[in-house]
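Coordinate analysis (summary)
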Amino acid sequence: MILPLFLPLFLVSSITLIPTAQSKLSLNYYSKTCPAFLDVVQQIITDKQLAAPTTAAATLRLFFHDCMVGGCDASLLISSTSSNNAERDADDNRSLPGDGFDVIVRAKTALELRCPGIVSCADILAVATRDLVTMVGGPFYDVRLGRKDSFTSHAIDVKGHLATPNMSITEIINIFASRGLDVKDMVALSGAHTIGFSHCSQFSHRIFNFSTSSQFDPSLNPKFARELQKLCANYTKDEEMSAFNDVMTPGKFDNMYYSNLQKGLGVLVSDQALASDPRTKPFVDLYAANQTAFFRDFAHAMEKVSVFSVKTGKKGEVRHRCDASNNPQAS
């Protein structure tokens, strides 16, 4: 690239620092090859969300778990085989709800009928996530398109790349930092827990026999802790028992999650810790008081996540079906 000599230095830097793969993405990538793409996805996700209200949270979680491991390449959608244990069967992914996988399969099937071999599963997942977030009250943000799907998926690649409920804030900050996401991004993205639920097994240590002096974690609101004890009383017999992450407005994407943390109503220990750690507390307080700020920062962080290590050109493929590469033996 030949740049004019008078081009400002800061502009030269911004041009040279744009990753090649990201620069190949565009908002109108399918405008000629599959103009119905956005409309088809919108119809599929609307029908699915109305039939199964947990779909938005499930898909958002699916998107994040996919992008944080090797980039946004739909590797999480590939099923395991007799010779390969895929990402979706890694320990950190086994609790992912089926509704997220199902809505992507439905969208892919519909698009293969309209535009066979054109739209990648990775792009479907990115757009479906955005549209579902918007559908339940969250912010709209641009999704650049042109991602290719990965050829492979391995469970062994997952460990250490996803934040878990019992990690320290420092560990979580470090995981996000390794993906180019700062503390503000991390706290804003944690707001995704304003929808969805967590299984009792993920927070049982906080509400049963927490210490010799307390039955439950003292950072929990006492009344809330007792309600969780009742809800999860038989969780060892029923692994599906769960609680909403946002007990006030569980089906609406809003800033209530942060207000809950200020009141000791965070279900997961990693969530509740955000309200007390000096590095994250200012953002919790900001978002609790200002939903506009939360939506702005969440949208910005999601745009950053959505282009992380994307594959373009020959580095990936457009799968015929999302749960298997086009040439499984070669992969």
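Residues numbered from 1 in each chain as written. Predicted model: local features only at pLDDT ≥ 70, side-chain atom pairs only at ≥ 80, totals over all residues. Heavy atoms only, no water.

The cut-off we apply is this: UniProt positions are given in the numbering used here, feature names are shortened, and annotations may be inferred rather than shown by experiment.
Looking at an unreviewed UniProt entry, the protein carries the name Peroxidase, with the source organism given as Coffea arabica. In its Function (unreviewed entry) section, UniProt records this for the protein: "Removal of H(2)O(2), oxidation of toxic reductants, biosynthesis and degradation of lignin, suberization, auxin catabolism, response to environmental stresses such as wounding, pathogen attack and oxidative stress." For the protein, the Subcellular location (unreviewed entry) comment in UniProt is given as "Secreted".

1. So, helix 6 (residues 121-135)
Rules: Secondary structure elements follow DSSP: runs of H or I of four or more residues count as helices, runs of E of two or more count as strands, with numbering from the N terminus. An expected span of 1.5 Å times one less than the residue number is assigned to each helix. Burial classes: relative accessible area under 20% of the type maximum marks a residue as buried, over 50% as exposed, and values in between as partly exposed (1.4 Å probe, protein chains only).
Taking 1.5 Å of rise per residue, 15 residues should cover 21 Å, and helix 6 covers 20 Å from first to last C-alpha, within 8% of that figure. With 13 of its 15 residues buried, helix 6 lies for the most part within the structure.

2. Things to note about the packing of aromatic side chains
Formally: Paired rings are identified among Phe, Tyr and Trp, the last through its six-membered ring, by centres lying within 6.5 Å, and are further divided according to the angle between planes into stacked (under 30 degrees), edge-to-face (over 60) and tilted (the rest). Our definition puts a charge over a ring when NZ of Lys or CZ of Arg is within 6 Å of the ring centre and also within 35 degrees of the ring normal.
The full count for this structure, using the stated rule, is 14 aromatic pairs. A centroid spacing of 5.7 Å and a plane angle of 5° characterise the contact between Phe 253 and Phe 294, whose relative ring orientation is stacked. Of this pair, Phe 253 sits in the loop between strand 2 (242-244) and helix 11 (256-262) while Phe 294 sits in helix 14 (residues 291-306), and the two are 41 residues apart along the sequence. According to the relative accessible area criterion, Phe 253 is buried, its value standing at 0%. We classify Phe 294 as buried; its relative accessible area is 0%. A network of ring pairs unites the aromatic residues Phe 253, Tyr 257, Tyr 258, Phe 283, Tyr 287, Phe 294, Phe 295 and Phe 298 as a single cluster. Geometry around Phe 101 places Arg 88 over its ring, the cationic atom sitting 4.1 Å from the centre.

3. What to know about the state of the cysteines
Note: disulfide means a covalent bond formed between the sulfur atoms of two cysteine side chains. Our working definition: For the purposes of this analysis, a disulfide is any pair of cysteine sulfur atoms at a distance within 2.5 Å.
Taken as a whole and judged by the stated rule, the model has four disulfides. The disulfide partner of Cys 67 is Cys 72, and the S-S distance across this bridge is 2.0 Å. One quick way to see it: the torsion about the S-S bond of Cys 67 and Cys 72 is about 120°, and its sign makes the bridge right-handed. Covalent S-S linkage joins Cys 121 and Cys 322, the inter-sulfur distance amounting to 2.1 Å. Since a negative S-S torsion denotes a left-handed disulfide, the Cys 121-Cys 322 link at about -100° is left-handed. One end of the pair, Cys 121, is in helix 6; the other, Cys 322, is in the segment after helix 14, and 201 residues separate them in sequence. Its relative accessible area of 0% is what places Cys 121 among the buried residues. The disulfide pattern of the protein is 1-4, 2-3, 5-8, 6-7 when the bonded cysteines are numbered in sequence order.

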